[in-house]
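Spelled out, the chains give:
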Amino acid sequence: MSLIVESIPAFADNYIWLLRRPEGTACAVVDPGEAEPVITRLRRDGLRLDAILITHHHADHIGGLAKLRRLWPEVEVFGPADRRIPGLTRVVTDGDRVSLSGFEGAGLESAFEVLAVPGHTATHIAYRGDDGLFCGDTLFAAGCGRVFDGTFEQLAASLRRIAALPAQTRCYCAHEYTLANLGFARWVEPDSPAVAAAIAAAEQRRAQGQPTLPTTLAEECAVNPFLRTTEPAVIAAAERFAGASLDGPTQVFTALRRWKDERYD
Ligand code: ZN
Ligand code: FE
């Protein structure tokens, strides 16, 4: 893919994803929770902000919008229909295609597809292009978002939808929660070699000061308990927590999510 994706760290553990081309000055950012780190990076690299993609309304994803719009008044701002997100220039919904002006020929310009992935919030969306998925707080490496104003059923269905995308899909999650999430994954599947290997790899990345992201769906399907709700070992662990037998992947998902909410973080 001729589009380059880089991380801009923000707050304690957010990533603002920067999309740019090998040449030229056009760029876009996903979920700018704060403006300053974006401004610093764009000035350092001589980039012009053409587009902002918003996944959901939480402050750590939109907090930098107003200031970035003042500095780049021409910027296009894409996001879901939600009155809690001020400053969108184009509301997008499931199945829409997002074209980024200035990105012609980059391979992604006509290929960004909007996916509705409610659950963390009721209006959360993701953006998919080529083999990349900008999934906000819906999917994390080895975890998923909490349920705020969506429902457990919605989040379970959204994660199933994401899991059905091609295995090589690279997931650009919005938070560096990987090691904590893998700690929970090890509780759920203590004997999993895949989880043990993922912990070793993530510890090495963090020790080098590197992000653990993006992750791939192939990796997530191997280690992420929230994508493994039909695995016998995961079902058994969820049933132990629930103290009852569970009927189907949505019930297993809900038990896992409540378990992590109540006992872990
Ligand atoms: Zn959020
Ligand atoms: Fe967030």
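Our subject is the structure that appears above.
Residues numbered from 1 in each chain as written. Chains lettered and ligands numbered in written order. Predicted model: local features only at pLDDT ≥ 70, side-chain atom pairs only at ≥ 80, totals over all residues. Heavy atoms only, no water.

## As for the coordination of the zinc ion (ligand 1)
Here is step 1 of the chain: Protein coordination at the zinc ion (ligand 1) comes from H56 (NE2), H58 (ND1), H120 (NE2) and D137 (OD), with a distance range of 2.2 to 2.3 Å.
Here is step 2 of the chain: Within one chain, the residues donating to the zinc ion (ligand 1) are spaced in sequence as H-x1-H-x61-H-x16-D.
Here is step 3 of the chain: Between the zinc ion (ligand 1) and the iron ion (ligand 2), a separation of 3.3 Å is found, and both are coordinated by D137. In this pair, H58 sits in the loop between β4 (48-53) and α2 (59-62) while D137 sits in the loop between β10 (132-136) and β11 (139-140), placing the two residues 79 residues apart along the sequence. Grouping residues by exposure puts H58 and D137 together as buried. (Donors = N, O, S within 2.8 Å, 3.2 Å for Na, K, Ca; no water. Helix = DSSP H or I, 4+ residues; strand = E, 2+ residues; numbered from the N terminus. Buried < 20%, exposed > 50% of the residue type's maximum accessible area, 1.4 Å probe, protein only.)

## Some words on the environment of C221
Here is step 1 of the chain: Looking at the element boundaries, C221 is found in helix α7 (residues 217-223).
Here is step 2 of the chain: For C221, a relative accessible area of 32% puts it in the partly exposed group.
Here is step 3 of the chain: Aside from chain neighbours lying at most four places away, what touches C221 is L227 and R228. (Contact = heavy atoms within 4.5 Å.)

## Here we look at the nonpolar core
Here is step 1 of the chain: Grouped together as the largest cluster of nonpolar side chains are 54 residues, with contacts concentrated most on L19, L53, V98, L100 and Y127.
Here is step 2 of the chain: Grouped together as the second largest cluster of nonpolar side chains are 21 residues, I16, C27, V38 and L65 included. (Core = buried A, V, L, I, M, F, W, Y, C linked by side-chain atoms within 4.5 Å.)

## A word on the pattern of salt bridges
Here is step 1 of the chain: As enumerated under the stated definition, the model contains 16 salt bridges in all.
Here is step 2 of the chain: Here D261 and R146 are joined by a salt bridge, their closest N and O atoms 3.7 Å apart. Linking D261 in helix α9 (residues 249-264) with R146 in the loop between β12 (143-144) and α4 (152-163), this pair joins segments that are 115 residues apart in sequence.
Here is step 3 of the chain: Among the salt bridges present, the one from R228 reaches E189, with a minimum N-O distance of 2.8 Å. (Salt bridge = Lys/Arg side-chain N within 4 Å of Asp/Glu carboxyl O.)

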